[in-house]
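One-letter residues, chain by chain:
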Amino acid sequence: MVKISSSAIAEIERIKLSRKIPDICVRLTVQPGGCLDFFYNLELEPLDKMEKQHQSDRIVEVDSIKLAIDTETWKQVESLQLDYAEDLMGGGFRFHNPQVKQTCGCGISFATPTEVK
């Protein structure tokens, strides 16, 4: 089960308000690239577009946040916890995934076991 922390919810709500687009979902994908094998990508997507084009997505709802995850990405993130934190380098979303076996030095990309559930 994917979980979204209260700080991540607050940041997504802040982004929705600042862009004046209340009817959006957040699309989470895992894409090849980076220093290792993969990296996470978060995109804002209008709800009407998401509902028409991605009927096989899994939708995780926490409070007012809808997180859309395609079938292939789900295999790599099904136990993920999405968080948001501020540090000396600024704020950013953090991905805590027990399936990840290694992260790169910059913390952006990751590698998973070759056989994913």
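Here's a quick rundown of the structure. Just so you know, these numbers come straight off a predicted model, no measurement behind them.

1. A word on the packing of aromatic side chains
Under the criterion given, the structure shown has 4 aromatic pairs. Consider the rings of Y40 and F95, whose centres lie 4.3 Å apart with planes at 15°: the pair is stacked. With a gap of 55 residues between them, Y40 in strand β3 (residues 38-46) and F95 in strand β7 (residues 90-96) connect regions that are remote in the sequence. The exposure class assigned to Y40 is buried, which follows from its relative accessible area of 13%. Exposure remark for F95: the relative accessible area of 25% places this residue in the partly exposed category. Arranged with centres 5.3 Å apart and planes meeting at 70°, the rings of Y84 and F93 form a pair that is edge-to-face.

2. Some remarks on the nonpolar core
V2, I4, L28, Y40, L67, I69 and V77 are the most contacted members of the largest nonpolar core, which totals 20 residues. Sorting the residues of this core by element identifies α1 (6-19), β2 (24-32), β5 (65-69), α3 (71-77) and β6 (81-87) as the ones contributing at least two each. Here L67 is in contact with V2, I4, V26, L28, R58, I59 and V60, once residues within four sequence places are set aside.

3. Considering α1
With 14 residues, α1 should cover 20 Å at 1.5 Å per step; its first-to-last C-alpha distance of 20 Å lies within 8% of that length. Looking at α1, one finds that the buried residues are A8, I9, E11, I12, I15 and K16. Summarising the axial view, the buried residues of α1 lie within an arc of 165°, below the 170-degree limit, and thus occupy one face. Seen from the buried face of α1, the exposed residues on the opposite side, beyond 90 degrees, are S6 and L17.

4. Here we look at the sheet that holds β6
Overall, mixed pairing links the 3 strands, which are arranged β1-β6-β7 in an open sheet. Both outer strands of the open sheet, β1 (3-4) and β7, are each paired with one neighbouring strand and no more. Pairing geometry for β6 and β7, over 7 bridges, is antiparallel. Each residue of the ladder has a partner; that of L82, found in β7, is F95. Along the sheet face, α1 touches β1, β6 and β7 and points at about 75° away from the line of β6.

5. A closer look at unusual backbone geometry
In terms of backbone geometry, most residues other than glycine have negative phi values and most peptide bonds are trans. Its identity is not glycine, yet K20 carries a phi of approximately 55°, on the positive side. Summarising the element assignment, K20 is placed in the loop between α1 and β2. Residue K20 is classed as exposed on the basis of its relative accessible area, which comes to 71%. Positive phi values are uncommon outside glycine, yet D63 reaches one of about 55°.

Conventions adopted
- Residues numbered from 1 in each chain as written.
- Predicted model: local features only at pLDDT ≥ 70, side-chain atom pairs only at ≥ 80, totals over all residues.
- Heavy atoms only, no water.
- Phe/Tyr/Trp six-rings, centres within 6.5 Å; stacked < 30°, edge-to-face > 60°.
- Helix = DSSP H or I, 4+ residues; strand = E, 2+ residues; numbered from the N terminus.
- Buried < 20%, exposed > 50% of the residue type's maximum accessible area, 1.4 Å probe, protein only.
- Core = buried A, V, L, I, M, F, W, Y, C linked by side-chain atoms within 4.5 Å.
- Contact = heavy atoms within 4.5 Å.
- Expected span 1.5 Å × (residues − 1).
- Arc of directions from axis to C-beta.
- Pairing = 2+ DSSP bridges.
- Axes fitted to C-alpha atoms, helices over the stretch in contact; angles between N-to-C directions.

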